[in-house]
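Architecture and fold: a report
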Amino acid sequence: MLNYDPLACLPSSEELPDSDDTPVDNELQDLIPGLLKALLAIAWPERMDWYFGVDMGIYYHPDLPAIVPDGFLSLGVERFYDENLRPSYVLWEERRVPILALEVVSQKYRGEYSTKKAEYAKLGILYYVIYNPNRRRKPRLEIYKLINGGYTALEDSNPIWLPEIGLGIGMERGTYLGIPRQWLYWYNQQGEKLLTPEENAKLAQQKTQQAEQKAQQAEQKAQQAEQKAQQAEQKAQQAQRRAELLAEQLRSLGIDPDSLI
């Protein structure tokens, strides 16, 4: 009996374009998802069951163009196949829909609040994250969860815990690639952000400086204690010398100093 696999007839990730070739119109659309990917590599160094794509096409139908989020996270997939890495993310190969999609809004809207939102919901992506750094009055960070086939906005808090991922996501000022600004970060369950390599280095430097300061303070206290001990010894020696002089004077007068005790 011949076993027929219809998926084997579909084009592979190597045969499909890796993106839609649309240039980003804001550098943050690369940097922010790139930071989230770098932080995951630090947080999950031993895990090989996740993948974070940046500006990569997600193919869901062989006859339709790919959807290209600024970033997306998949769990339960191979982190990488080989040294050539993934050219694209093909659902009929991966057999796993991403759990999170990220869009960074620039000056030019690209359907982040409408068409893309509907597409991600149709695909079944559990979390949809929109970051709009240009907003002043409305929330810059919006996180939606897929409930009953539609996206529902999660509570307006920072960070927001994502239990299915085991991390929270939020925004905070920090430094990445030497750029100080507001960035998106992953957070642990205690609400502590996962630090960038620069922030880790700065924190280590601060701890070293604090340790050096404490050591200097301890050394100063030890020196002060030694000085006080020396001063006390000098006072004791001076008192003993005065007592000896007084005893000599009494003896010169014919008085036994021991008889006065």
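Scroll up to find the structure.
Below or above, wherever it landed, is the structure these notes cover. (Residues numbered from 1 in each chain as written. Predicted model: local features only at pLDDT ≥ 70, side-chain atom pairs only at ≥ 80, totals over all residues. Heavy atoms only, no water.)

**Observations concerning the overall build of the chain**
Selection rule: Put simply, DSSP H or I for four residues or longer makes a helix, DSSP E for two residues or longer makes a strand, and each gets a number counted from the N terminus. A contact between two residues is defined here by any heavy atoms of the two lying within 4.5 Å. Areas reported as accessible are Shrake-Rupley estimates using a 1.4 Å probe. Residue values count occlusion only from the protein chains shown.
Helix and strand counts for the chain stand at four helices and 11 strands. Considering only residue pairs separated by 6 or more positions, the chain has 55% of its internal contacts joining residues 24 or more positions apart. When the accessible surface of the chain is split by element, carbon and sulfur atoms take 51% of a total near 16,200 Å².

**Description of the packing of aromatic side chains**
Using the following cut-off: A pair of Phe, Tyr and Trp rings is counted when the ring centres sit within 6.5 Å of each other, with Trp represented by its six-membered ring. The angle between the planes then sorts it: under 30 degrees is stacked, over 60 is edge-to-face, the rest tilted. Here's how the labels work: a residue is buried when its accessible area is under 20% of the maximum for its type, exposed when over 50%, partly exposed in between, all with a 1.4 Å probe on protein chains only. Put simply, a charge is over a ring when the Lys NZ or the Arg CZ is close to the ring centre, within 6 Å, and near the line of the ring normal, within 35 degrees.
Applying the stated criterion across every chain yields a total of 10 aromatic pairs. Ring centres 5.2 Å apart and planes at 70° place the aromatic pair F72 and Y89 in the edge-to-face group. Separated by 17 residues along the polypeptide, F72 in strand β3 (residues 71–75) and Y89 in strand β4 (residues 89–90) bring together distant segments of the chain. Residues F72 and Y89 agree in their burial class; the two are buried. The side chain of R181 reaches across the aromatic face of W183, ending 5.6 Å from its centre.

**So, a nonpolar patch on the surface**
For clarity, the cut-off: The residues that make up patches have over 30% relative accessible area and no salt bridge, and they are joined within 9 Å when like-charged or within 5 Å when they are Val, Leu, Ile, Met, Phe, Trp or Tyr. Note on definitions: salt bridges are taken to be side-chain nitrogens of Lys or Arg within 4 Å of carboxyl oxygens of Asp or Glu.
Side chains of M48, F80 and L85 sit close together on the surface and give an oily, nonpolar patch of about 300 Å² of accessible area. Within the secondary structure, L85 is located in the loop between β3 and β4.

**Quick notes on the sheet that holds strand β7 (residues 141–147)**
Formally: Strands pair, by our definition, only if DSSP identifies at least two bridges between them. Each axis is a line fitted through C-alpha atoms, and for a helix only the stretch in contact is used; angles between axes span 0 to 180 degrees, taken between their N-to-C directions.
Judged by pairing direction, the sheet is mixed, and its six strands sit side by side in the order β1-β3-β5-β6-β7-β8 without closing on themselves. The sheet terminates laterally at β1 (50–54) and β8 (150–153), the two strands that pair on one side only. Here the strands of the sheet are splayed against their neighbours by 20° on average, with no regard to which way each runs. Set on the sheet, helix α1 (residues 28–43) makes contact with β1, β3, β5 (100–104) and β6 (127–131); between it and β1 the angle comes to about 165°.

**Looking at the pattern of salt bridges**
Inspection of every chain in the model, using the stated rule, returns 11 salt bridges. Where R86 meets E94, a salt bridge forms, and the shortest distance between an N and an O atom there is 2.8 Å. Of the two residues examined, R86 and E94, each falls in the buried class. For E103, the salt bridge identified is with K116, shortest N-O distance 3.2 Å. Of the two residues, E103 sits in strand β5 while K116 sits in helix α3 (residues 115–123), which places them 13 residues apart along the sequence. Given the relative accessible area of 0%, E103 is considered buried. Counted as one network, the salt bridges with shared partners bring together D70, E103, R110, E112 and K116.

So, to be careful, I would describe these as geometric facts and stop short of saying anything about function.
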